[in-house]
Amino acid sequence: MSKQEREQKPRSESKSRSEKTEKLQKILANAGLGSRRELEKWISDGRVSVNGSIASLGERASDKDTIRVDGRVVKIKPSDEVYTRIIAYHKPLGEVSTQKDPEGRPTVFENLPRTSFGRWISIGRLDINTTGLLLFTNNGELAHRLMHPSYQVERKYAVRVHGEVTDEMIKNLKDGVLIDGDLCKFNFIQPGGGEGANQWFDVGLSEGKNREVRKLWQSQEVDVSRLIRIEYGPVELPKSLSRGRWMDLTAEQITKVAELVNLDVNPRKEQPKHKSSQRKNIWRRH
């Protein structure tokens, strides 16, 4: 029997085997290809095949099946070998948060380590002029939940503004202002020091709309001169992590991040290659 004939065997024969099967979108999400919602659309659009036949939404498969996306075979690991990894990256100025840039600018993905399982998915983005904490994971479903507004995962920024900031402005930013037709607001605003027209504030918000922090301050006719993301959920930017560098979250930290969005994961078993003092600094202290 040829390889093509083996791949095109009837579905009933494929599913009669005793191996464990899972929904196709879960298998692909575990392979780091995206969130389940995104992958469901891929399946509905006919981009996924199982054993040579176009897959249907709700179909189940196993690691023994030949699964293709856009004609390319996807390497599937058995479910007990699937693990979740999260790394924290200190984004410098001048890098864009995309895989490739048509203008040839450096991207955040160029400094990341290789992953032997899945692919890196950024958890949110930072614009080219924003620095600070950027998280990456190989778990598409985890990335989707951490970014989705329904889970209200708070992001915290240190922002330096130029211009006079009044109590009325602070009230407006906490109560909410209309930006592009949406009501946007900060969860909190805390003074962070500074003199004269240049002042620092710590601000928090629970959604990651494009350039939302800058647009909120601009709505009060105040310019943002520096913007640094310092926390994402329970993870903080370590003081020991230099710009352009990354570090792994520990298995315990990964589990706590996943619990924040009600997701069970299997954390990476290997120990990160960093000193324990550095790993401790990555976790926000309450």
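The structure presented is a predicted model; accordingly, all values stated were derived computationally and were not measured.

Draft legend 1. Just the overall build of the protein, in detail. Helix and strand counts for the protein come out as nine helices and 17 strands. The buried share of the protein, reckoned over its 286 residues, is 48%. In the protein, the share of contacts with a sequence separation of at least 24, taken over all contacts with a separation of at least 6, comes to 67%. Looking at the protein as shown, the accessible area adds up to about 15,400 Å², and 45% of this sits on carbon and sulfur atoms.

Draft legend 2. The arrangement of the environment of Thr-115 in detail. Residue position: Thr-115 is located in the loop between strand E7 (86-91) and strand E8 (121-123). On the basis of relative accessibility, which here comes to 19%, the residue Thr-115 falls in the buried class. Not counting residues within four places of it along the chain, the set of residues in contact with Thr-115 comprises Tyr-83, Arg-85, Trp-120 and Asn-138.

Draft legend 3. The sheet that holds strand E5 (residues 67-69), seen in detail. Here four strands make up an open sheet; going across it, the order is E3-E2-E5-E6 and the pairing antiparallel. Lying at the two open borders of the sheet, with one neighbouring strand each, are strand E3 (53-54) and strand E6 (72-73). Note: strand E2 (residues 48-50) against E5, three bridges, orientation antiparallel. Within E5, the residue paired with Val-48 across the bridge is Val-69.

Draft legend 4. Focus on the pairing of strand E9 (residues 131-137). When you tally the buried positions in E9, you get seven out of seven residues, the bulk of the element. With six bridges connecting them, E7 and E9 associate as antiparallel partners. The residue of E9 that forms the bridge with His-90 is Leu-133. Pairing of E8 with E9, which is carried by three bridges, proceeds in the antiparallel orientation. Residue pairing in the sheet places Ile-121 in a bridge with Thr-137 of E9. Two elements, E9 and strand E15 (residues 223-232), share two bridges in a ladder whose sense is parallel. When the bridges of E15 are listed, Thr-131 appears paired with Ile-228.

Reading guide: rules and limits
Residues numbered from 1 in each chain as written. Predicted model: local features only at pLDDT ≥ 70, side-chain atom pairs only at ≥ 80, totals over all residues. Heavy atoms only, no water. Helix = DSSP H or I, 4+ residues; strand = E, 2+ residues; numbered from the N terminus. Buried < 20%, exposed > 50% of the residue type's maximum accessible area, 1.4 Å probe, protein only. Contact = heavy atoms within 4.5 Å. Areas by Shrake-Rupley, 256 points an atom, 1.4 Å probe, with all protein chains shown as cover. Pairing = 2+ DSSP bridges.

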